[in-house]
Amino acid sequence: FKTRLNPQFQGFSRKTARRFGFQQFKERKVILVSLFESTSNKFGLTFDCWRGVDGDDYIVVTCHWIDDKWVMQKRILAFRLFDPPHNAPRIAHLITSVCVEYGISNRIFSITTDNASNNIAAIPALKSSLNAVVGGVFFHTRCICHILNLCVQDALRIEELDDALGYMRKLVNLVKKSSAKRLIFKQMCQSRGIPFKSLKIDCSTRWNSTLNMLRSLLPYKQIIPSFLTSQIDHNLFIDSTIFTKFETLCELLSVFEKYTLTFSGSYYPTNHLVLPALVSISKVFKKYADVNFLKEIVYAMSDKFVKYFVSIPPLFLISAILDPRIKISGLHTGLKVFCEYVNSLHLLEVDLNPDIMYDSALTSLNSLYDLFEKETGNSKSTNVDGSVVDGSATDDFYTMVSASETTISKSSEIALYTSMHQVQHKGDDFDILAWWNGQASVYPTLAAIVLASFAPPASTVASESAFSLGGRILTPKRSRLLDTTLEMCVCLKDWVAAEQ
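Remember, it's a predicted structure, so these values are computed and weren't measured experimentally.

A. A look at the layout of surface pockets. The calculated volume of the largest pocket comes to roughly 640 Å³. Looking at the largest pocket, it is lined by 20 residues, and the ones nearest its centre are Cys 145, Thr 260, Ser 264, Val 461 and Glu 464. For the lining of the largest pocket, the secondary structure elements donating two or more residues are α6 (144–156), α9 (207–217), α11 (242–262) and α21 (461–473). Top element by residues in the lining of the largest pocket is α21. It accounts for five residues.

B. Structural view of the UniProt feature "domain: HAT C-terminal dimerisation" (unreviewed entry) in the protein chain. In the UniProt entry, the feature "domain: HAT C-terminal dimerisation" (unreviewed entry) is given for residues 416–496. As a span, residues 416–496 carries 60% helix and 0% strand, and end to end its C-alpha atoms are 42 Å apart.

C. Examining the packing of helix α15 (residues 327–344) against helix α16 (residues 354–376) more closely. One way to put it is that α15 packs onto α16 with a least axis distance of 9 Å and a crossing angle of 145 degrees. Seen along the crossing, α15 lies across α16 with a hand that is right-handed. Contact residues: α15 offers Ile 328, Leu 331, His 332, Leu 335, Lys 336 and Cys 339, while α16 offers Pro 354, Asp 355, Met 357, Tyr 358, Ala 361 and Leu 362. In terms of residue class, the contact of α15 with α16 is made up of nine nonpolar, one polar and two charged.

D. Up close: the sheet that holds strand β3 (residues 72–81). Pairing in this open sheet of five strands is mixed, and the strands run β3-β2-β1-β4-β5 from one edge to the other. A single partner strand is all that each edge strand has here, and the edge strands are β3 and β5 (140–142). For this sheet the average axis-to-axis angle between neighbouring strands, irrespective of direction, equals 25 degrees. Pairing of strand β1 (residues 43–51) with strand β4 (residues 108–113) involves four bridges; the strand directions are parallel. Bridge assignment links Gly 44 to a residue of β4, and that residue is Ser 110.

Cut-offs used in this document
Residues numbered from 1 in each chain as written. Predicted model: local features only at pLDDT ≥ 70, side-chain atom pairs only at ≥ 80, totals over all residues. Heavy atoms only, no water. 1 Å grid on protein atoms, 1.4 Å probe; cavity = no way out; pocket = protein on both sides within 12 Å on 5 of 7 lines; lining within 4 Å. Points joined across faces, edges and corners; volume = space filled by probe spheres on them. Helix = DSSP H or I, 4+ residues; strand = E, 2+ residues; numbered from the N terminus. UniProt positions renumbered as here; feature names shortened; annotations may be inferred. Axes fitted to C-alpha atoms, helices over the stretch in contact; angles between N-to-C directions. Left-handed = near helix turned anticlockwise from the far one by under 90°. Contact = heavy atoms within 4.5 Å. Nonpolar A, V, L, I, M, F, W, Y, C, P; charged D, E, K, R; others polar. Pairing = 2+ DSSP bridges.

In structure tokens:
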């Protein structure tokens, strides 16, 4: 059949295909190592563990950096078999060996992980083996998407909400139970001029599927009571007022969905977006805190939110300063709004002080500036001491921070950068790397800091995507692949896609 389609086609065996794959893998790996050697920029890492359908455990390591053309890059460096025990020393040893293998062991700026205890426990050893800069202050951050997920999951476990969602699931299953019931529901929709679309059921491990289920039901809130009345083979009663409550809940969860999607990107910087997200989420909590149906829900989410962000990682604060729409004055304004909300919850024994957090961020920036100043060869004064004019009365984050001003007392790149007006661009299409590429000759030291601090991702979505890729290759019908073959397939697929 193949020769009839193309007489010149030459068949090959699976062994030949495997041999060709490994040849390509080795050649492209050499090219990737050479690429790393050709740039002096810093790198960010993510890593995580995964269990395949074959029952074996694997660990993935992804690398993130900004190349010399100011383009964000991401590659999977390893997808290795990882036999037990999965303790911190073994994780740290494997991550270090992968970095040495690719020649980047002395240029890792930060590592992003989820909240798994063994991953967190490996960080101190990695700080030592990978020579973390500035005492490791910027070396580790937790996945923002994972924290947002924990906040929502805590809310969904509240008994009243869980019971209400249970009724929604029963309703969806009732409509889907038979083609006859589905037809009846569809005809009722058509009689009222409402387009019918298939209802969605949620998955317990993905909160966004619960949000999508509610969204699929809301257009039919006026039809559902009539439909239930027409059915006699069920004991399901749903109060029509529940849909008004769910509309408000969807508004709240949509904010978390928005930022989860924002921080899921791998090919654009995300660290500078964390502070605006924290401030926006704080304001949303404040908005819905007095809504009766949402009081307990907002409190549960806020409790988890404060637990993880009572101390905002310095990397996120430095990145916010280096966003020309925020700068130093915007940092102080954003911290003030955030701390005001956290303190209003009375969850902490001691109130957060935005001035202390602000001063700590400036100290970290000065330390980082001194380090990169030596690398770039500049010798300007670097100490920053700023007085701030507040602009926190505005609702929109970037409008709010643009109303703030800071006066810097000493001459430096930081002083020059801060003295210039903030960029007035509120949209999501602002290309911050293109902006810094155009300003690199004016602020060479700050540009070098941007290349380092914007490279690490704010989430571990890159690792999760690698697991999804591995799951599409290692399937129940193809579960006897050697671990080396699986790594070759995963890495080649990722490298080719990145190059394209």
